[in-house]
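An overview of the molecular structure
Each chain, letter by letter, is given below.
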Amino acid sequence: MSDEFERPKPPRKALSVHELRRVVTARHKMLAGSKEPDEAMALIEDEYGCDHDSAERFVEWLRGGPITEPPSKGAVERVHVSTDPETGEETKLETQPGSIPPRPV
């Protein structure tokens, strides 16, 4: 048994590609783009404290891949407010995702 105290590592955070794009320095982006994928992911994980999946998505994006993150839970607006022009009453209307103008479900 060792007498040396080993400091616990901080927990890893799940970061999006957009968040990592802002915080990763240009030097680390260049290094991660030129290394093997496993080495690049380890570099990003160690330097920025993100989890393995976040580092994997970021390295894939650096190498020209698409951003494959699902939208956040509130990204698709499904409820719209409809106003009756004669009475001025407002009613909430649930719509089909992506329909322009909003169409009822």
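Residues numbered from 1 in each chain as written. Predicted model: local features only at pLDDT ≥ 70, side-chain atom pairs only at ≥ 80, totals over all residues. Heavy atoms only, no water.

1. Things to note about the confidence of the model for the protein chain
Put simply, the rule reads: The predictor rates its confidence in each residue with pLDDT, a number between 0 and 100. Per the convention used, a helix needs a DSSP run of H or I reaching at least four residues, while a strand needs a run of E reaching at least two, with both numbered from the N terminus.
Overall, the predicted model of the protein chain reaches an average pLDDT of 79, with 72% of residues at or above 70. When pLDDT is averaged over each element of the protein chain, helix α3 (residues 37-48) comes out on top at 91 and strand β1 (residues 79-83) at the bottom at 70.

2. A closer look at the environment of G33
The line we're drawing: The buried label goes to any residue with under 20% of its type's maximum accessible area, the exposed label to any with over 50%, and the partly exposed label to all in between, with areas taken from a 1.4 Å probe on protein chains only.
Within the secondary structure, G33 sits in helix α2 (residues 26-34). The class of G33 is partly exposed, set by a relative accessible area of 38%. Taking the C-alpha atoms as reference points, G33 and V59, 26 residues apart in sequence, are found 7.1 Å from one another.

3. Here we look at the environment of R21
In this fold, R21 is placed in helix α1 (residues 17-23). The class for R21 is partly exposed, based on a relative accessible area of 35%. Once the C-alpha coordinates of R21 and L62 are considered, the two residues, 41 residues apart in sequence, prove to be 9.4 Å apart.

4. Comments concerning α3
We count it as follows: Expected helix span is computed as 1.5 Å times (number of residues minus one). Should any heavy atoms of two residues lie within 4.5 Å, those residues are considered in contact.
Taking 1.5 Å as the rise per residue, α3 with 12 residues should run 16 Å; its terminal C-alpha atoms sit 16 Å apart, in good agreement. The set of residues buried in α3 consists of A40, M41, L43, I44, E45 and Y48. The secondary structure elements touched by the buried residues of α3 are α1, α2 and α4 (52-62). Taken from the residues just after α3, G49 is the one with a positive phi, measuring 65°.

5. Concerning the packing of aromatic side chains
What counts here: Under the pairing criterion, centres of Phe, Tyr and Trp rings, with the six-membered ring standing for Trp, must be within 6.5 Å; the plane angle then separates stacked pairs below 30 degrees from edge-to-face pairs above 60, leaving the rest tilted.
Per the stated rule, a full pass over the model turns up 1 aromatic pair. With a centroid separation of 5.6 Å and 35° between ring planes, the pair formed by F58 and W61 is classed as tilted. Taken as a pair, F58 and W61 lie in helix α4 at a separation of 3 residues, close to a single helical turn.

6. Some points on the nonpolar core
To be explicit about the condition: Buried Ala, Val, Leu, Ile, Met, Phe, Trp, Tyr and Cys residues form a nonpolar core when they are joined through side-chain atoms within 4.5 Å.
The biggest cluster of nonpolar side chains holds 14 residues, and the ones touching the most others in it are L20, V24, I44, C50 and F58. For this core, the element with the highest residue contribution is α3, accounting for 5 residues. Apart from residues lying up to four places away in sequence, L20 is in contact with L15, Y48, C50, S54 and F58.

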